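Single-letter residue listing:
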Amino acid sequence: VGYSGLKAPASLQPGWGVVVSEVPWRRDAGELGERLAAWARQVIGDDVSVAEVTAPEGTGMSSETVLFSLRRGDQTATERYVARLAPEPSVVPVFPIYDLRLQQRCMELVRTATTVVAPAAPWYEPDPSWLDTPFLVMARMDGVAPADIPPYTLTGWLFDASEAERSIIIER
């Protein structure tokens, strides 16, 4: 997920010299993959498989983000998704209320009623038994998302962007 109109400078891309603090509450991708696969088989269908489960670097302060691909039956093409996990309130209470259902409805409204590019968010899972927290699954969109660790308001490609570059983001 992220804005696809600008490319972060190479010096700010993950693994290219950016120092990113670790998120101590990040869950194990292997375990998340198994649990997401169990959820997908139950909710989407028995013939669904989940693979390529990763977490993007520089994120996780306001919610945990999990990237994954999904394959249905014997299809060769995979569908790419993002799961947004509600944050653990006891760790870092960023929001007094974290309403993923409302986020899903807002994204759908923006996607269908405006020209703003927003991902489809086909699944909201309120049952915390699957991943220990409610989560929202949305289509994955290629682009560069500002990191929140450290906060993009203090450092990073968006902070360093010129006024002209920021205006492109606002206009699009």
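Here the structure is shown first, and the text comes after it.
Residues numbered from 1 in each chain as written. Predicted model: local features only at pLDDT ≥ 70, side-chain atom pairs only at ≥ 80, totals over all residues. Heavy atoms only, no water.

## Side note on the environment of Ala 86
Then step 1. If you trace the backbone, Ala 86 turns up in the loop between strand E3 (79-85) and helix H2 (100-113).
Then step 2. On the basis of relative accessibility, which here comes to 9%, the residue Ala 86 falls in the buried class.
Then step 3. The sequence separation of Ala 86 and Pro 126 amounts to 40 residues, and the corresponding C-alpha distance is 9.8 Å.
Then step 4. Among all residues touching Ala 86, those that are not within four sequence positions of it are Arg 27, Tyr 98, Leu 100, Thr 133 and Pro 134. (Helix = DSSP H or I, 4+ residues; strand = E, 2+ residues; numbered from the N terminus. Buried < 20%, exposed > 50% of the residue type's maximum accessible area, 1.4 Å probe, protein only. Contact = heavy atoms within 4.5 Å.)

## Structural notes on the nonpolar core
Then step 1. Counting 18 residues, the largest nonpolar core has Leu 36, Phe 68 and Val 137 as the members making the most contacts within it.
Then step 2. When residues of this core are traced back to their parent elements, those giving at least two are helix H1 (29-43), strand E1 (48-54), strand E2 (64-72), E3 and strand E5 (135-139).
Then step 3. No other element matches H1, which puts five residues into this core.
Then step 4. Judged by nonpolar contacts, the second largest core, of eight residues, contains Leu 67, Ala 86, Met 107 and Ala 121. (Core = buried A, V, L, I, M, F, W, Y, C linked by side-chain atoms within 4.5 Å.)

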